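The chain contents come next:
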Amino acid sequence: MPTPPGAAPAFPDAAERSTRDTTLRNNLRRATHTIRAKRAAAVAELADWGELRAAGAAIKDHTLRHLDHYLEQVEAAVTAAGGQVHWAVDAAEANAIVTRLVRETGEREVVKVKSMATQEIGLNEALAAAGITAYETDLAELIVQLGHDLPSHILVPAIHRNRAEIRDIFRTQMGRWGRPAPAGLTDEPAELAEAARLHLREKFLSAKVAVSGANFIVAETGTLVVVESEGNGRMCLTLPETLISVVGIEKVIPSWRDLEVFLQLLPRSSTAERMNPYTSMWTGTTDGDGPAAFHLVLLDNGRTDALADQVGRQALRCIRCSACLNVCPVYERAGGHAYGSAYPGPIGAILTPQLRGTVSALDASLPYASSLCGACYEVCPVAIDIPEVLVRLRERVVEGGPVTVRGTRAVIRPARGHAAERAAMRAARWAFEHPRALRAGQRLASRTRALHPRHLPGPGRAWTRGRDLPEVPAESFRDWWQRTRGERGTA
Amino acid sequence: MRVALFVTCVNDTLYPRTGQAVVTLLERLGVEVDFPAAQSCCGQPQYNTGYRHESEPLLRHYAEVFAGYDHIVTPSGSCVAMVRDNYPRLGARARAEGRGSALAEAAANVVPRTYELTEFLVDVLGVTDVGAYYPHTVTYHPTCHGLRMLGLGDRPLALLRQVRGLKLVELAGADECCGFGGTFAVKNAAVSTAMGADKARAIEATGADVVCTVDNSCQTHIGGTLSRRGSAVRPVHLAEILASTEGRVL
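To keep things clear, this report deals only with the structure shown in the data block. Just so you know, these numbers come straight off a predicted model, no measurement behind them. (Residues numbered from 1 in each chain as written. Chains lettered and ligands numbered in written order. Predicted model: local features only at pLDDT ≥ 70, side-chain atom pairs only at ≥ 80, totals over all residues. Heavy atoms only, no water.)

**Here we look at the interface of chain B and chain A**
At the junction of the two partners, chain B supplies 65 residues and chain A supplies 67 residues. When chain B packs against chain A, the two sides together hide about 5,800 Å² of surface, and 56% of this comes from carbon and sulfur. Of the charged contacts, one joins R93 of chain B and E395 of chain A as a salt bridge, the two residues approaching to 2.6 Å between their closest N and O atoms. Run the count over chain B and chain A and you get 36 residue pairs in polar contact (both at pLDDT 80 or more). (Contact = heavy atoms within 4.5 Å. Buried area = accessible area lost by both parts, 1.4 Å probe. Salt bridge = Lys/Arg side-chain N within 4 Å of Asp/Glu carboxyl O. Polar contact = N/O pair within 3.5 Å; in protein donor to acceptor, adjacent residues only side chain to side chain.)

Shown next as structure tokens:
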């Protein structure tokens, strides 16, 4: 069960612990640097990447601006094709809908296609509480589930695990969930993959209900699209009798022509592949082929609130490629769990506080989980200016202001715990507006420099724990200028 | 050509040598430099920490102080990035909130006249050989704002390659952040320190005795990390290298 955000530690505390875990740091460094280099090469193959990126952003922006229209189009098309559409305003409602739909089939087990939306709402846990077992079928999700762990990466949920750890998890845990690992399993990737294949095959062949998300919904035909590497998803999407897809409302794109852009942007950005190995598309139901019943649960869960923010809404363009995680120096050291959400890394730092609000200590700390280096914006295939949104959300934390909560405009107050910082910012601004005061302060610092401590008290202590402060010079620049040039140029 | 030096609050208070080097360098290149004494801070610390309303008066102040100059030159990529990227945003937001267009006009007025030092040298003055001499092995860390927000590209390296006596060595993972990030270094000290340590190791591995940047704030972080590790590598601002000559190596 994921820790509720109210109880989870703030990002700096969680990250402080994870930066001390050298195995984790090494696993993350190796994995992110490998995929980072591959992605750069795959993107460099396309001369028109810049245009594709702009097109992706424009299509998403257009769709979001007319989201009501396209969602109604989706509902009509899915219904006409024999599917049923359900609307879920939040996680509880979505979980209740899926639980009811599974119960109505009489089944107690479901197989799952890797899905961020169902992680976001904690579906597996909600199903478990209702006596229904959900089996993850994506290899990395399987590793996470068997290890009683949480995903720590959007694309590679078990990125924080190395081969030896995975072997140990398979050996000790597989038997508790189904077919046990073969005797004498080693940490060779081929052996690990084969063990997972055998374990999962039994699930695919026995499951009557599958739950998936979708990477895209094509509005004109009501078609859902999943891209994947392993083929597990296709098994789940075709073999069971009932298919339930839980999809965020921002996943809609208008037409098949638009899909062409994203099928170039997504695989190159995420897995550094020219095309992903499996692209599955399904539209309602077809007699004698695939699931006999299809349900689409359209999930809001804070998305329309995010849409109301003129700066923050660009986060809804996200196609979950995870390129921003792989280049982020903060993610690389802190690991995904520190973000306390299904969405880690830079995109998580802007998406989670918009979907959940900035009330909990964790959610209020996420906009600060970045050095604003801009590497995430540079690689984003739909040009989300993540640093811009981070600053916008910091503003919401320290200054409060108007927001939309469940569709209603509200004014939130500044988060607690920033009073000293706010006072310091005001004092600094006053000094900067009064250069004489600034100069007096500089002179005082220069004259007392022999007395400056090497280790600062208060908030500055965090700095001097790992780094030395520069010495204050005997003379500031402005004093040097005045001494050597007089008042010339003092406009 | 009336050129004003915006020395930045960090340089003014902690790194006066950088400002002095800019003056020396520009005067050697025949540029008359003014230092408007009423200048202070671009407002980036406030803005990036979420105090938008504290940064707005500093935009107004900046625009007033530098009103009469053709060019505003500053030895800090991140402060130029504040002016170029965020001043227009401050103006647009103020207008959208119905507070008039004065802030937007102030931003529009200063944005095209504000230059980072290497931009000014290469794009405005059209020089890459500034007649410098610097007998050291140097590696270059392209600071994030210079690299990504300003797109300085090859300009600093083009300048460094023309410096006589200087041996330029490549820095592995040069485009990775050093971990400073303003208040990030305090708010997320553990991650910031870990990033700094990795950067310091990469710098030490080059065998350089000097690491060069175009930003004193990053230099503070890199220097503080190197110092704590007892490293012999010195952080130096590019302006100090470019101002050095046979007679006077800074």
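After that view, the rundown keeps rolling.
**Here's the deal with the sheet that holds strand β8 (residues 234-237) of chain B**
Residue and element names in this part refer to chain B. Read from one edge to the other, the open sheet built from four strands follows the order β6-β5-β7-β8, with strand pairing classed as parallel. The strands lining the two open edges of the sheet, one partner per strand, are β6 (167-169) and β8. Geometrically, the sheet is characterised by an average inter-axis angle of 35° between neighbouring strands, direction not taken into account. The pairing of strand β5 (residues 137-140) with strand β7 (residues 210-213) spans three bridges and is parallel. Residue pairing in the sheet places T139 in a bridge with V211 of β7. In the packing of helix α12 (residues 216-228) onto the sheet, contacts are made with β7 and β8, and the angle to β8 comes to roughly 170°. (Pairing = 2+ DSSP bridges. Helix = DSSP H or I, 4+ residues; strand = E, 2+ residues; numbered from the N terminus. Axes fitted to C-alpha atoms, helices over the stretch in contact; angles between N-to-C directions.)

**Overview of the pairing of strand β3 (residues 71-74) of chain B**
Residue and element names in this part refer to chain B. Of the two faces of β3, the one carrying H71 and V73 and the one carrying I72 and T74 are both buried. Note that β3 and strand β4 (residues 114-116) share three bridges and pair parallel. By the bridge assignment, V73 is partnered in β4 with Y115. (Buried < 20%, exposed > 50% of the residue type's maximum accessible area, 1.4 Å probe, protein only.)

**Quick notes on the environment of A424 of chain A**
Residue and element names in this part refer to chain A. By secondary structure assignment, the location of A424 is in helix α20 (residues 419-433). With a relative accessible area of 46%, A424 lands in the partly exposed category. Distance from A424 to V211, taken between C-alpha atoms, is 51 Å for residues 213 residues apart in sequence.

**Considerations on the environment of F184 of chain B**
With respect to the element layout, F184 of chain B can be found in helix α10 (residues 184-187). Of the residues examined, F184 of chain B reaches a relative accessible area of 2% and is grouped as buried. Residues F184 of chain B and E54 of chain B lie 130 residues apart in sequence; the distance between their C-alpha atoms is 18 Å. In contact with F184 of chain B, other than residues within four places in its own chain, are V330, Y368, A369, S370 and S371 of chain A together with G179, A189, V191, S192 and M195 of chain B.

**Observations regarding the packing of aromatic side chains**
In total, this model carries 15 aromatic pairs over all chains according to the counting rule given. With a centroid separation of 6.1 Å and an interplanar angle of 85°, the aromatic rings of W463 of chain A and F180 of chain B are classed as edge-to-face. You can see W463 of chain A sitting in helix α22 (residues 461-464) and its partner F180 of chain B sitting in the loop between β6 and α10, one on each of two chains. With respect to burial, W463 of chain A and F180 of chain B carry one shared label: buried. For the ring pair W481 of chain A and F35 of chain B, a centre distance of 5.7 Å and an interplane angle of 50° mean the geometry is tilted. In this pair, W481 of chain A sits in helix α23 (residues 477-485) while F35 of chain B sits in the loop between β2 (33-34) and α3 (44-49), so the two residues belong to two different chains. For W481 of chain A, a relative accessible area of 1% corresponds to the buried category. These aromatic residues form a ring-pair network of at least three members: F477, W480 and W481 of chain A together with F35 of chain B. Here the basic side chain of K60 of chain A rests over the ring of F262 of chain A, its NZ or CZ set 5.7 Å away from the ring centre. Its end group placed over the ring of W463 of chain A, R467 of chain A keeps NZ or CZ at 4.3 Å from the ring centre. (Phe/Tyr/Trp six-rings, centres within 6.5 Å; stacked < 30°, edge-to-face > 60°. Lys NZ or Arg CZ within 6 Å of the ring centre and 35° of its normal.)

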